[in-house]
Amino acid sequence: PPSASPYRDIPRARGPVFAIGYLPGAEGTAGVGLTNITTIGARFDVPLGSVMRISFGLFYGMGERFVVDPTKDTATRKSGPEPDGFLLADGEVQLLITGGKTWHGIAPYVVGGAGFLAGGGEPAADTSDYQLSTSFVFDGGAGVRWYPSRRLSVQLDTRVFLLKLRYPGDFLFPPQAPPVTDVQDEWTRQPWFRVGVGWTF
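Owing to the predicted nature of the structure, the values given are computational and were not obtained by experimental measurement.

Asker: Just checking my understanding: could you explain the confidence of the model for the protein chain for this structure?
Answerer: Predicted coordinates in regions of low pLDDT should not be interpreted in detail. Looking at the protein chain, pLDDT values average 90 and 100% of them are 70 or higher. Here strand 1 (residues 7-9) is the element of the protein chain with the lowest mean pLDDT, 85, and strand 2 (residues 15-25) is the one with the highest, 95.

Asker: Would you mind showing me how to read empty space enclosed by the protein here?
Answerer: Where empty space is left becomes clear once a probe the size of a water molecule has been rolled over the atoms. If you walk through the whole model with that rule in mind, you get 3 cavities of 30 Å³ or more. The calculated volume of the largest cavity comes to roughly 90 Å³. Of all the secondary-structure elements, those providing two or more residues to the lining of the largest cavity are strand 9 (152-166) and strand 10 (185-199). Per-element tally for the lining of the largest cavity: the top contributor is strand 9, with 3 residues.

Asker: Explain the packing of aromatic side chains here, please?
Answerer: For any pair of aromatic rings, the description rests on two quantities: the centre-to-centre distance and the angle between the ring planes. For the structure shown, the criterion picks out 7 aromatic pairs. Centroid distance Phe116 to Phe136: 5.6 Å. Interplanar angle 70°. Geometry classified as edge-to-face. One end of the pair, Phe116, is in strand 7 (residues 106-119); the other, Phe136, is in strand 8 (residues 135-146), and 20 residues separate them in sequence. Arranged with centres 5.4 Å apart and planes meeting at 75°, the rings of Phe161 and Trp192 form a pair that is edge-to-face.

Asker: Before we go on, may I ask you to explain the environment of Arg145 in this structure?
Answerer: You can see Arg145 is positioned in strand 8. Excluding its chain neighbours within four sequence positions, the residues that come into contact with Arg145 are Asp45, Arg53, Gln94, Gly105, Ile106, Ala107, Tyr109, Ser153, Val154 and Gln155. Here the side chain of Arg145 touches Asp45 through a polar contact of 2.5 Å, side chain to side chain. At 3.0 Å, the side chain of Arg145 and the side chain of Gln94 are in polar contact.

Asker: Please explain the pattern of salt bridges as it appears in this structure.
Answerer: Oppositely charged side chains may form a pair once their charged atoms are brought near each other. Inspection of the entire model under this criterion finds 12 salt bridges. Linking Lys78 and Glu27 is a salt bridge whose minimum nitrogen-to-oxygen distance equals 3.5 Å. Residue Lys78 is found in strand 5 (residues 78-96), and its partner Glu27 is found in the loop between strand 2 and strand 3 (35-48); the two are separated by 51 residues along the sequence. Among the residues examined, Glu27 registers a relative accessible area of 27% and is labelled partly exposed.

Asker: When you look at the nonpolar core in this model, what are you seeing that I'm missing?
Answerer: For soluble globular proteins, nonpolar side chains are generally found buried alongside one another. Grouped together as the largest cluster of nonpolar side chains are 22 residues, with contacts concentrated most on Phe86, Leu88, Leu117, Leu132, Phe161 and Phe171. For this core, the secondary-structure elements that each account for two or more residues are strand 2, strand 4 (52-68), strand 5, strand 9 and helix 1 (169-172). Counting residues per element, this core draws most heavily on strand 9, which supplies 3 residues. Counting 6 residues, the second largest nonpolar core, distinct from the first, contains Leu96, Ala107, Tyr109 and Tyr147.

Asker: Just to check I follow, could you spell out the side chain of Gln190 for this structure?
Answerer: One can find Gln190 in strand 10. Among the polar contacts made by the side chain of Gln190, one reaches the main-chain amide nitrogen of Gly25 at a distance of 3.4 Å. Those residues in contact with Gln190 that lie beyond four places of it in its chain are Leu23, Gly25, Ala26, Ile37, Arg159, Val160 and Phe161.

Cut-offs applied
- Residues numbered from 1 in each chain as written.
- Predicted model: local features only at pLDDT ≥ 70, side-chain atom pairs only at ≥ 80, totals over all residues.
- Heavy atoms only, no water.
- pLDDT = per-residue confidence, 0-100.
- Helix = DSSP H or I, 4+ residues; strand = E, 2+ residues; numbered from the N terminus.
- 1 Å grid on protein atoms, 1.4 Å probe; cavity = no way out; pocket = protein on both sides within 12 Å on 5 of 7 lines; lining within 4 Å.
- Points joined across faces, edges and corners; volume = space filled by probe spheres on them.
- Phe/Tyr/Trp six-rings, centres within 6.5 Å; stacked < 30°, edge-to-face > 60°.
- Contact = heavy atoms within 4.5 Å.
- Polar contact = N/O pair within 3.5 Å; in protein donor to acceptor, adjacent residues only side chain to side chain.
- Salt bridge = Lys/Arg side-chain N within 4 Å of Asp/Glu carboxyl O.
- Buried < 20%, exposed > 50% of the residue type's maximum accessible area, 1.4 Å probe, protein only.
- Core = buried A, V, L, I, M, F, W, Y, C linked by side-chain atoms within 4.5 Å.

Written as structure tokens, this is what we have:
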């Protein structure tokens, strides 16, 4: 009977999702990448049919990183960590595995996205030319929504976050000390864990 079915329709309605998350981060070969990052932000979900959603979000991330002076020797060039952060604007596409319905209030999904990341002010202790400048980022993963009521949802997901680090020329060819790294561009891969609360209108 319909009243005993474990499946319930998901409202085809748009609405906000407020989320916090955690990124372990990645130092990269030069040891200056952001680590121990807490993210906070919001998304706006828009359904496209019964199995697909798109959303657009804005997140702030605050973490820490080490400072490297390429003119010093390998024993003394690294100091910190110092606080540093970024702003991330992105979009994503979600595919609902159970279609337009929940199973006992649960709706798993897979997700892929891309965005634009802008670094904040660099630590005053960093006298090198390195900075977390503007960069394209990509991510993908899977998650689950739980609907305790028809309009309210709790979301958990994990994804792989891809970010390119770009090192200044002094890291490769310092004037006095051995090189810090042998690459100028490096893609880092790191997990991103998030929990959010959403409401559909």
